[in-house]
Amino acid sequence: MSQLNIDAAIFGLDGVVTGTAKLHVSARKELFNNHLRLRDSRAKEPFSPFDKESDYLTYYRRKTTIRGCRGFDRWC
């Protein structure tokens, strides 16, 4: 196998070098709105959508996906 002449490597591009926050918000919104719509219809309550300002910033910003899901109390 030949050697590569590598001077540097960048890892963890997510949100550091690339702007992916909008994609993360959109993905969470789609995922949780589907769940919240189903949950609210079963409970015969009005649908309350996932909100970027209150839900995303509170439960997901600067957290791993699993920590965000566990912290999202509206999920349970």
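It should be emphasised that the depicted structure is a prediction, and the values quoted were computed from it without experimental measurement.

This part is about the pattern of salt bridges. Under the defined criterion, the tally for this structure stands at one salt bridge. As a salt-bridge pair, arginine 39 and aspartate 40 come within 2.7 Å of each other at their nearest N and O atoms.

Looking now at the nonpolar core. With seven residues, the main nonpolar core is built from Val25, Phe32, Leu36, Phe50, Tyr56, Tyr59 and Tyr60. Secondary-structure elements contributing two or more residues to this core are α1 (21-42) and α2 (52-59). With three residues, the single largest contributor to this core is α1.

Right, let's get into the packing of aromatic side chains. Evaluation of the coordinates by the stated rule reveals one aromatic pair. When the ring of phenylalanine 32 is compared with that of phenylalanine 50, the centres are 5.6 Å apart and the planes differ by 15°; the resulting orientation is stacked. Pair noted here: phenylalanine 32 is in helix α1 and phenylalanine 50 is in the loop between α1 and α2, with a separation of 18 residues, a long-range link. When sorted by exposure, phenylalanine 32 lands in the same class as phenylalanine 50, which is buried. In this arrangement the basic side chain of arginine 37 is found over the ring face of phenylalanine 47, its NZ or CZ atom lying 4.4 Å from the centre.

As a further point, take α1. Compared with the 32 Å implied by 1.5 Å per residue over 22 residues, the 31 Å span of α1 between its first and last C-alpha is a close match. All buried positions along α1 are accounted for by Val25, Arg28, Phe32, Asn33, Leu36 and Asp40. One or two residues past the end of α1 sits lysine 44, with phi positive at roughly 55°.

Let us now look at the confidence of the model for the protein. In the predicted model, the protein carries a mean pLDDT of 79, and the fraction of residues at 70 or more is 87%. Of all the helices and strands in the protein, helix α3 (residues 65-71) carries the lowest mean pLDDT, 76, while α1 carries the highest, 85.

Conventions used here
- Residues numbered from 1 in each chain as written.
- Predicted model: local features only at pLDDT ≥ 70, side-chain atom pairs only at ≥ 80, totals over all residues.
- Heavy atoms only, no water.
- Salt bridge = Lys/Arg side-chain N within 4 Å of Asp/Glu carboxyl O.
- Core = buried A, V, L, I, M, F, W, Y, C linked by side-chain atoms within 4.5 Å.
- Buried < 20%, exposed > 50% of the residue type's maximum accessible area, 1.4 Å probe, protein only.
- Helix = DSSP H or I, 4+ residues; strand = E, 2+ residues; numbered from the N terminus.
- Phe/Tyr/Trp six-rings, centres within 6.5 Å; stacked < 30°, edge-to-face > 60°.
- Lys NZ or Arg CZ within 6 Å of the ring centre and 35° of its normal.
- Expected span 1.5 Å × (residues − 1).
- pLDDT = per-residue confidence, 0-100.

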